[in-house]
Amino acid sequence: MSFASLSRGRKLALSTIGGVVVGGVGLVFGLHNSVKATEMELHAPSYPWSHGGPLSSLDHASVRRGYQVYKQVCAACHSMDYLAFRNLVGVSHTEAEAKAIAEEFQIPDGPDDDGEMFTRPGKLSDRFPKPYPNPEAARAANNGALPPDLSYIANARHGGEDYIFSLLTGYCDPPAGVDIKEGLYFHPYFPGQAIAMAPPIYNEVLEFEDGTPATMSQVAKDVCTFLRWASEPEHDDRKRMGLKIILMSSIILPVLYYMKRHRWTVLKSRKIVYKPPK
């Protein structure tokens with residue numbers, strides 16, 4: 001059946017479907033090109049993360065150090081609205097340590113019996129405190145720029161922890177002929193190459209509790225690992241479950257294949273002989 005032999009209505013319907021498909025593909029292609037990096041923007045390189053393998057787990061000592069980096073450096077501007085202190089238990093801290101961390105913060109609560117608001121020490125059920133009471137206050141304190149929430153930032157940015165590591169360590173002077181507005185910093189990995197955040201980390205910006213040397217790359221690596229865990233707390237469980245499925249499948253699939261061959265062997269080996277009438 002050729003296109004020319006179709007009725008007028010079918011020709012119109014097929015032409016409409018073809019136009020919609022072509023238009024949709026063109027729109028997707030145009031949107032993809034519109035968000036491509038400019039000629040001056042660099043794509044983050046791929047780093048050999050210890051948890052990058054299909055069966056590799058997160059380095060929980062690094063997650064603990066990464067939380068310390070967030071608490072002492074990042075929490076001054078960035079919130080983590082979707083994490084509570086209880087999420088640290090069994091991952092990077094013991095229950096007693098997580099309770100002690102929570103109690104360091106004064107959490108607004110209320111009203112009490114008199115209808116008044118009050119503050120109390122934090123509990124495990126409390127979420128990480130916000131650095132600013134609202135987005136307007138955050139913009140006012142950062143020259144109009146709104147610091148993003150870091151709860152799912154590793155999944156929200158193309159490149160994940162590779163991009164975050166490059167963002168933290170990739171500050172440099174602008175090349176000749178490139179002017180950066182006052183209050184902004186040149187960054188080749190940031191879209192637009194001008195970022196409002198000042199370089200947040202440097203060598204010995206803090207002292208790790210376990211004595212690990214706090215070089216810039218180590219600090220960036222640890223906070224990236226922490227942010228990966230925050231964005232994907234089921235990371236280790238998912239890979240562990242995948243390993244169990246692979247092991248179980250390696251046992252079950254051969255058995256199912258044998259049963260299928262055994263059940264169908266009668267039909268597969270059957271011969272049909274045609275005997276013409278005499």
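Scoring rules and cut-offs
- Residues numbered from 1 in each chain as written.
- Predicted model: local features only at pLDDT ≥ 70, side-chain atom pairs only at ≥ 80, totals over all residues.
- Heavy atoms only, no water.
- Helix = DSSP H or I, 4+ residues; strand = E, 2+ residues; numbered from the N terminus.
- Rg over C-alpha atoms; globule rule 2.2 N^0.38 Å.
- Buried < 20%, exposed > 50% of the residue type's maximum accessible area, 1.4 Å probe, protein only.
- Contact = heavy atoms within 4.5 Å.
- Areas by Shrake-Rupley, 256 points an atom, 1.4 Å probe, with all protein chains shown as cover.
- Axes fitted to C-alpha atoms, helices over the stretch in contact; angles between N-to-C directions.
- Parallel < 35°, antiparallel > 145°, perpendicular 65-115°, else oblique.
- Nonpolar A, V, L, I, M, F, W, Y, C, P; charged D, E, K, R; others polar.
- Phe/Tyr/Trp six-rings, centres within 6.5 Å; stacked < 30°, edge-to-face > 60°.

Asker: Please clarify how the overall build of the protein should be interpreted in this entry.
Answerer: Looking only at helices and strands, the protein features eight helices and four strands. Taking 2.2 N^0.38 as the reference for a compact globule, 278 residues should give roughly 19 Å; the C-alpha atoms of the protein span a radius of gyration of 29 Å, well beyond that estimate. For the protein, the spread of C-alpha atoms along the principal axes amounts to about 105 × 50 × 50 Å. Taken over 278 residues, the protein has a buried fraction of 29%. Contacts spanning at least 24 positions in sequence make up 63% of the contacts within the protein whose residues lie at least 6 apart. With the model as given, the accessible surface of the protein reaches about 18,700 Å², and the carbon-plus-sulfur share is 60%.

Asker: Mind showing me how you'd approach the packing of helix α2 (residues 60–72) against helix α7 (residues 216–231) here?
Answerer: Running from N to C, α2 and α7 point in directions that differ by 100°, and their axes come no closer than 7 Å. One way to sum up the angle between α2 and α7 is to call them roughly perpendicular. For the pair α2 and α7, contact is made by Ser-62, Val-63, Arg-65, Gly-66, Tyr-67, Val-69 and Tyr-70 and by Gln-218, Val-219, Lys-221, Asp-222, Val-223, Thr-225, Phe-226 and Trp-229, respectively. Looking at the contact of α2 with α7, its residues break down into eight nonpolar, four polar and three charged.

Asker: Looking at this structure, how should I read the packing of aromatic side chains?
Answerer: To describe a pair of aromatic rings, you give the distance between the ring centres and the angle between the ring planes. The final tally for this structure, using the stated rule, is eleven aromatic pairs. Both rings, one in Phe-85 and one in Phe-128, keep their centres 5.1 Å apart while their planes meet at 50°; by these two values the pair is tilted. Taken as a pair, Phe-85 in the loop between α2 and α3 (95–103) and Phe-128 in the loop between β2 (118–121) and α4 (135–141) lie far apart in primary sequence, 43 residues in all. The buried category is assigned to Phe-85, whose relative accessible area is 0%.

Asker: Help me understand unusual backbone geometry, please; the structure alone is not making it clear to me.
Answerer: Excluding glycine, residues mostly carry a negative phi; peptide bonds, for their part, are mostly trans. The omega angle of the peptide bond from Gly-110 to Pro-111 is 0°, so this bond is cis rather than trans. Along the chain, the position of Pro-111 falls in the loop between β1 (106–109) and β2. Even without a glycine there, the phi angle at Asn-143 is positive, about 55°. Mapped onto the elements, Asn-143 comes out in the loop between α4 and α5 (153–156). A residue is classified by how much of its surface remains accessible, and Asn-143, at 75% relative accessible area, is exposed. Notably, Gln-193 is not glycine yet its phi reads approximately 65°, a positive angle. Judged by relative accessible area, which is 9%, Gln-193 ranks as buried.

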